[in-house]
Amino acid sequence: MKKRALITGVTGQDGSYLAEFLLEKNYEVYGLRRRTSTPNYENVEHIKDRIKWISGDLTDLASLIEAVRTSNPDEVYNLAAQSFVAASWPQPLLTGHITALSVTNMLEAVRIVKPTVRFYQASSSEMFGKVVETPQKETTPFYPRSPYGVAKVYGHWITVNYRESFNMFACSGILFNHESPRRGLEFVTRKVTDGVARIKLGLQNELRMGNLDSLRDWGFAGDYVKAMWLMLQQDEADDYVISTGEMHSVRELLEVAFNHVGLNYEDYVVIDPEFTRPAEVDLLLGDCSKAKEKLGWKLDVGFKQLIEMMVDEDMKKVNKIIQLSNMEVRV
Ligand code: NDP
Ligand code: GDP
């Protein structure tokens, strides 16, 4: 019989890659979709008809109970969140409701309807925040630096607590930043690769940025969703850091992206205080030895390859926008 998975956040970056990966493994994939006035299917357009859609919202326990009942899943991947750090200062309560407290909603729905489910929680390296050791691993103490980071710490510990209290198979994946052509435009990698494409193709002449010195451990989302699945295939539930073990600055990101189309970032980047944060996470660098050893997980796409792939995809997207607007002018 086919295995069944329920994914929250399936329309997001990770949800779309995970859905593809599970469909390839012959899973029946159920996707939780919240009601929006304009549905957002961009990331899953190509697999939209192969996903079984369930309406619900992470903040609404009744809808999650119904979602678990309807899908009767073997595995639940809880990826839905208010996921943008910078938005968590102007919207701290909403971030707390969705990214923190609603993890308990999802865990409760599983506990009430089908406690044997294997559960994955999308935790984050942002929990390490003002890092107390480098590199960061599973045992590194948390010191979150944003309402988002604080919310993710709650989500992490409530997952551990349900595992220990109710003997549930609940895993927390502490994933470092991971990117792709499907990353939201507000995140720094995508903002840069989209900006580079627009500058190269003449739609924009500058790129306004915040802190260029901050350092991140950036990997490819397509590699990271495999680690989520691997965690749920083990004999015992546990928590794992997933990272590349390499750190690069925002400045290096700019260099790679602009150089790829033959431009110098210094000619276009303008520092704008609007994009600096009330409290910064200066550096993140993960040690994923545990995942390599126990899960046999490995990554395929490195930093330069990732950024160049994103620039190439954004060049295609921006070119399409230009062609469409030229057609409109002719009509
Ligand atoms: P995205 O922002 O791309 O996707 C977020 C998803 O959550 C979207 O599908 C969104 O739906 C959904 N969502 C938001 N609020 C609700 C709600 N109230 N009810 C139901 N669904 C909701 O995030 P990513 O794919 O990048 O990340 C996936 C998870 O991993 C998130 O929890 C994120 O915090 C975490 N994470 C991500 C990292 C990264 O580098 N990408 C690093 C570490 C952790 P809609 O389409 O309707 O907006
Ligand atoms: P985060 O690590 O989850 O906060 O991911 P982001 O991609 O949003 O930000 C990564 C780093 O890039 C942070 O240290 C930001 O301060 C820094 N950064 C510098 N300029 C910008 C910008 O214009 N937008 C964003 N989103 N981040 C920026």
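Everything numeric in this text was worked out from a predicted model, so none of it was measured.

1. Some thoughts on unusual backbone geometry
Next, step 1: The omega torsion of the bond from T134 to P135 falls at -5 degrees, within 30 degrees of zero and hence cis.
Next, step 2: The residue P135 is located in the loop between strand 5 (118–124) and helix 4 (147–166) in this model.
Next, step 3: For N26, which is not glycine, the phi dihedral falls at a positive 70 degrees.
Next, step 4: Tracing the backbone through its elements, the reader meets N26 in the loop between helix 1 (13–24) and strand 2 (28–33).
Next, step 5: Its identity is not glycine, yet N167 carries a phi of approximately 60 degrees, on the positive side.
Next, step 6: Mapped onto the fold, N167 is located in the loop between helix 4 and strand 6 (169–175).
Next, step 7: Relative accessible area serves as the criterion here: at 71%, N167 is assigned to the exposed category.

2. Observations concerning the site of ligand 1
Next, step 1: With respect to spatial proximity, 25 residues lie near ligand 1, and among them T11, D14, R34, S83 and Y148 are the closest.
Next, step 2: For ligand 1, an oxygen atom lies 3.0 Å from a polar atom in the backbone of G12.
Next, step 3: Contacts to ligand 1 include Q13, whose backbone N or O atom sits 3.0 Å from an oxygen atom.
Next, step 4: If ligand 1 stood free it would expose 900 Å²; the protein chains cover 89% of that surface.
Next, step 5: At the level of secondary structure, the elements contributing two or more residues to the shell around ligand 1 comprise helix 1, strand 5 and helix 4.

3. Examining the sheet that holds strand 4 (residues 75–78)
Next, step 1: Taken in spatial order, the seven strands line up as 3-2-1-4-5-6-11 in an open sheet, and their pairing is parallel. At either margin of the open sheet sits one strand with a lone partner, and together these are strand 3 (52–55) and strand 11 (239–242). Averaged over all pairs of adjacent strands, the angle between their axes in this sheet comes to 20 degrees, without regard to strand direction.
Next, step 2: Direction of pairing for strand 5 relative to strand 6: parallel, over a ladder of seven bridges.

4. A few points about helix 4
Next, step 1: Its 20 residues place the ends of helix 4 28 Å apart at the C-alpha level, agreeing with the 28 Å of an ideal helix rising 1.5 Å per residue.
Next, step 2: Among the residues of helix 4, those classed as buried are Y148, G149, A151, K152, V153, G155, H156, I158, T159, V160, Y162 and R163.
Next, step 3: Summarising the contacts, the buried residues of helix 4 are in contact with helix 3 (92–113), strand 5, strand 6 and strand 11.

5. Focus on the site of ligand 2
Next, step 1: Around ligand 2 sit 17 residues in total, of which K191, S214, R216, R277 and E280 are the nearest.
Next, step 2: Measuring from an oxygen atom of ligand 2, one finds a backbone N or O atom of V188 at 2.8 Å.
Next, step 3: For ligand 2, whose free accessible area comes to 540 Å², the fraction covered by protein is 97%.
Next, step 4: For the shell around ligand 2, the per-class residue count stands at seven nonpolar, four polar and six charged.
Next, step 5: Each of domain 1 (4–179 + 218–242) and domain 2 (188–216 + 247–284 + 302–330) accounts for three or more of the residues forming the shell around ligand 2.

6. A closer look at the nonpolar core
Next, step 1: Ranked by internal contacts, the top residues of the largest apolar core, which has 73 residues, are L22 and Y77.
Next, step 2: In terms of residue count, the dominant contributor to this core is helix 6 (residues 221–231) (eight residues).
Next, step 3: Two domains share this core, each providing at least three of its residues, namely domain 1 (4–179 + 218–242) and domain 2 (188–216 + 247–284 + 302–330).
Next, step 4: For L22, the residues in contact, after removing those within four places along its chain, are A5, I7, Y27, V29, Y77 and W229.
Next, step 5: Listed in part, the 22 residues of the second largest apolar core include L6, F119, I158 and A170.

7. Examining the side chain of K114
Next, step 1: Secondary-structure assignment places K114 in the loop between helix 3 and strand 5.
Next, step 2: Summary of buried charges: K114 has no salt-bridge partner, and the nearest side chain of opposite charge, D74, is 4.2 Å away.
Next, step 3: A distance of 3.1 Å separates polar atoms of two side chains, one belonging to K114 and the other to N72.
Next, step 4: Once residues within four sequence positions are removed from consideration, K114 is found in contact with R4, V68, N72, P73, D74 and A109.

8. So, the pairing of strand 4
Next, step 1: On strand 4, burial covers both faces: E75 and Y77 on one face and V76 and N78 on the other are all buried.
Next, step 2: As paired strands, strand 1 (residues 4–8) and strand 4 are joined by four bridges and run parallel to one another. Bridge pairing links A5 to E75 in strand 4.
Next, step 3: Sheet topology note: the strand 4/strand 5 ladder contains four bridges and is parallel.

Rules behind the numbers
- Residues numbered from 1 in each chain as written.
- Chains lettered and ligands numbered in written order.
- Predicted model: local features only at pLDDT ≥ 70, side-chain atom pairs only at ≥ 80, totals over all residues.
- Heavy atoms only, no water.
- Helix = DSSP H or I, 4+ residues; strand = E, 2+ residues; numbered from the N terminus.
- Buried < 20%, exposed > 50% of the residue type's maximum accessible area, 1.4 Å probe, protein only.
- Near = heavy atom within 4 Å.
- Polar contact = N/O pair within 3.5 Å; in protein donor to acceptor, adjacent residues only side chain to side chain.
- Areas by Shrake-Rupley, 256 points an atom, 1.4 Å probe, with all protein chains shown as cover.
- Pairing = 2+ DSSP bridges.
- Axes fitted to C-alpha atoms, helices over the stretch in contact; angles between N-to-C directions.
- Expected span 1.5 Å × (residues − 1).
- Contact = heavy atoms within 4.5 Å.
- Nonpolar A, V, L, I, M, F, W, Y, C, P; charged D, E, K, R; others polar.
- Domains from an automatic or database assignment.
- Core = buried A, V, L, I, M, F, W, Y, C linked by side-chain atoms within 4.5 Å.
- Lys, Arg positive; Asp, Glu negative; His and termini not counted.
- Salt bridge = Lys/Arg side-chain N within 4 Å of Asp/Glu carboxyl O.

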